[in-house]
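# Close look at the chain arrangement
One-letter residues, chain by chain:
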Amino acid sequence: MANLIANIDLVEEVKVEENCAIRVSKETDAAGKKLYIESYGCQMNFSDSEIVTSILAGEGYTTTSSFENADLILLNTCSIREKAEHTIRNRLGHFNGVKKKRPEVTIGVLGCMAERLKSKLLEEEKMVDLVVGPDAYRDLPSLIKITEEGEKGINTFLSREETYADISPVRLNSNGVTAFISIMRGCDNMCSFCVVPFTRGRERSRDPQSIIREATELFENGYREVTLLGQNVDSYKWSEEEENNKARLERNGDSEIINFAALLELVANVDPNLRVRFSTSHPKDITDEVLYTMKKHENICNYIHLPAQSGNSRVLEMMNRTYDREWYVNRVDAIRNILGEDCGISSDMIAGFCTESEEEHRDTLSLMDYVQYDFSYMFVYSERPGTLAAKKYKDDTSPDVKKRRLQEIINKQQELSMIRNKRDVGKIFKVLIEGRSKKSVDQLQGRNSANKVVIFNDNGYEKGQYINAKITDCTSATLLGEVV
Ligand code: SF4
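My aim in this report is to walk through the structure given alongside it, one point at a time. Everything quoted here is computed from the prediction, not taken from an experiment.

When you go through the protein chain residue by residue, the secondary structure sums to 15 helices and 24 strands. Here the protein chain holds 484 residues, and the buried ones make up 59% of them. Long-range pairs, those at least 24 residues apart, make up 72% of the contacts in the protein chain with a sequence separation of at least 6. For the protein chain, the exposed area adds up to about 19,300 Å²; of that, 50% sits on carbon and sulfur atoms. If you average the places of the 65 positive and of the 77 negative side-chain charges in the protein chain, the two averages end up 3 Å apart.

Written out as structure tokens, the structure is:
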């Protein structure tokens, strides 16, 4: 699960991004109660924070970027690695001071750490008043009332239905051009290293009509790109009949189940000027039908995030990834054959999983060479309590070996990113302008269909506009271009 507001789930050793919070940057100037919310981790969490903000807006809360004058402080947390939880505990320590100064302020922990620890969090962190899991955000208003009566509020019930389909998210930290749309929740895979199935529950897909409605509203409000979010978007599946035994959803006169390829097409048909991206794909479920649907629609971006995690079949089996190296390579070949060499491919890689040998580590490096990834999110294996791996395997790769292997994977990726970007020099790409370049006020930035950042001189263009840029130079992270 990974990239936008961007590359949240990045290299642990290099940037520790996942421990970096995204805070609300915009004050809403109503006189109501003030909400301060920080979001950590993956895009799903950012999308959830927008849903939480919408639910609380209905209770009269407005957002503030300063926790000093907030009535309600919420941390939407990640539990994917030990370090992510450490960051939250440090942050709570920080808010303890606020609580001492203003005992009436309410402090709440949301998201995966809340779901994993439940009431234990209230015992361990005395300043916390609220613990609410990812499926219980509708209960926030009544839980807050409980805390106003001096009690602690907790709800970590995991649902089999909840998709928040009827709630219009309040866009936080938005550039007004790109937005996330969550299309499903939970995950039915049981990768042995992963806490997500325990913190986000079983898979359920959202009603496609509500997704199309949200995409249409965003387009009408000037947004020009949506990213369809799910832990494993390829297993998206919706059928009206299955949901509530009513008449099947009509499409092209045949009654049909809406799978991910069909949903992609429905969203692409909202408007040809609305770009469509999606994350995250699963190698065992990505179909040729999805690839041909991408090929058919110019506005479905030519980029796939396809986490491999390892390049060795024995390690993949221990990870319970349900595919082996050959299967993964076959999927990559299909992507290259159907969508061409310019299709951007990125991955997640774990270094130093239980019992991984030096040779098996080199299989990961050789897979990276074979695929030629444009970029990757790379981590050391972090044992998570309650996961299959924690129960079955010894975390026997030493921290030094993990660190060295991770650095080798990072070096390999930087080498490949440069090779892939150099291929683009001289080419012309359609770029959606997202805003000013971080590096220079005279330059703008946007991304091409392959999800690469392109920087170019600002000659009076507007964000949200499409331009054609000829690539003149590159770094391993960025393409430099001129508008043609
Ligand atoms: S696919 Fe695997 S790694 Fe991804 S969220 Fe599901 S269990 Fe976790």
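Next comes the rest of the description.
So, about the pairing of strand 20 (residues 428–436). For strand 20 and strand 23 (residues 466–474), the ladder comprises 5 bridges, and the chain directions are antiparallel. The residue of strand 23 that forms the bridge with I428 is K470. Summarising the sheet, strand 20 and strand 21 (residues 443–447) pair through 4 bridges and their orientation is antiparallel. Each residue of the ladder has a partner; that of I433, found in strand 21, is G446. Counted along the chain from strand 20 to the antiparallel partner strand 21, the turn is 6 residues long.

Here helix 7 (residues 208–220) spans 18 Å end to end across 13 residues, near enough to the 18 Å set by a 1.5 Å rise per residue. For helix 7, every residue scored as buried is listed here: P208, S210, I211, I212, E214, A215, L218 and F219. Buried-residue contacts for helix 7 involve strand 8 (178–182), strand 11 (225–229), strand 12 (237–238), strand 15 (258–259) and helix 9 (260–268). Where helix 7 begins, the capping side chain belongs to D207, and its oxygen is found 2.7 Å from the backbone nitrogen of Q209. In the segment just after helix 7, G222 is the residue with positive phi, at about 95°.

Turning our attention to the sheet that holds strand 20. Strands pair in a sheet through their backbones, by hydrogen bonds, and they do so in one of two ways: parallel or antiparallel. Pairing is mixed in the closed barrel, where 5 strands are placed in the order 20-21-22-24-23. Strand after strand, the sheet turns through a mean of 50° between neighbouring axes, direction not considered. One ladder, built from 5 bridges, connects strand 23 with strand 24 (residues 479–483); its direction is antiparallel. Residue pairing across strands places I471 opposite G481, the latter belonging to strand 24. Packed on one face of the sheet, helix 15 (residues 399–424) meets strand 20, strand 23 and strand 24 and runs near 120° to strand 23.

The next subject is the pattern of salt bridges. According to the stated counting rule, one finds 46 salt bridges in the structure shown. The partner of R447 in a salt bridge is E225, and the shortest N-O contact between them spans 3.1 Å. Remark: E225 occurs in strand 11 and R447 occurs in strand 21; sequence separation between them is 222 residues. The class of R447 is buried, set by a relative accessible area of 6%. What makes E225 buried here is its relative accessible area of 0%. The closest approach of N and O atoms between R404 and E408, which form a salt bridge, is 3.2 Å. Taken together, the residues span about one helical turn, with R404 and E408 both in helix 15 at a distance of 4 residues. Judged by relative accessible area, R404 falls into the partly exposed class, the value being 33%. What makes E408 partly exposed here is its relative accessible area of 29%.

Counted according to the given criterion, the structure contains 11 aromatic pairs. Where Y36 meets F67, the ring centres are 5.5 Å apart and the plane angle is 75°; that geometry is what we call edge-to-face. Placement of Y36 in strand 2 (residues 33–39) and of F67 in the loop between strand 3 (61–63) and strand 4 (72–77) is noted, with a sequence separation of 31 residues between them. With a relative accessible area of 1%, Y36 lands in the buried category. Geometrically, the ring pair formed by Y323 and Y328 is tilted, given 6.1 Å between the ring centres and 35° between the ring planes. Members of the aromatic cluster, joined through ring pairs, are Y36, F67 and F95. Over the ring of F379 we find R81; its NZ or CZ atom is 3.9 Å from the centre of that ring.

Procedures and definitions
- Residues numbered from 1 in each chain as written.
- Predicted model: local features only at pLDDT ≥ 70, side-chain atom pairs only at ≥ 80, totals over all residues.
- Heavy atoms only, no water.
- Helix = DSSP H or I, 4+ residues; strand = E, 2+ residues; numbered from the N terminus.
- Buried < 20%, exposed > 50% of the residue type's maximum accessible area, 1.4 Å probe, protein only.
- Contact = heavy atoms within 4.5 Å.
- Areas by Shrake-Rupley, 256 points an atom, 1.4 Å probe, with all protein chains shown as cover.
- Lys, Arg positive; Asp, Glu negative; His and termini not counted.
- Charge placed at Lys NZ, Arg CZ, Asp CG, Glu CD.
- Pairing = 2+ DSSP bridges.
- Expected span 1.5 Å × (residues − 1).
- Polar contact = N/O pair within 3.5 Å; in protein donor to acceptor, adjacent residues only side chain to side chain.
- Axes fitted to C-alpha atoms, helices over the stretch in contact; angles between N-to-C directions.
- Salt bridge = Lys/Arg side-chain N within 4 Å of Asp/Glu carboxyl O.
- Phe/Tyr/Trp six-rings, centres within 6.5 Å; stacked < 30°, edge-to-face > 60°.
- Lys NZ or Arg CZ within 6 Å of the ring centre and 35° of its normal.

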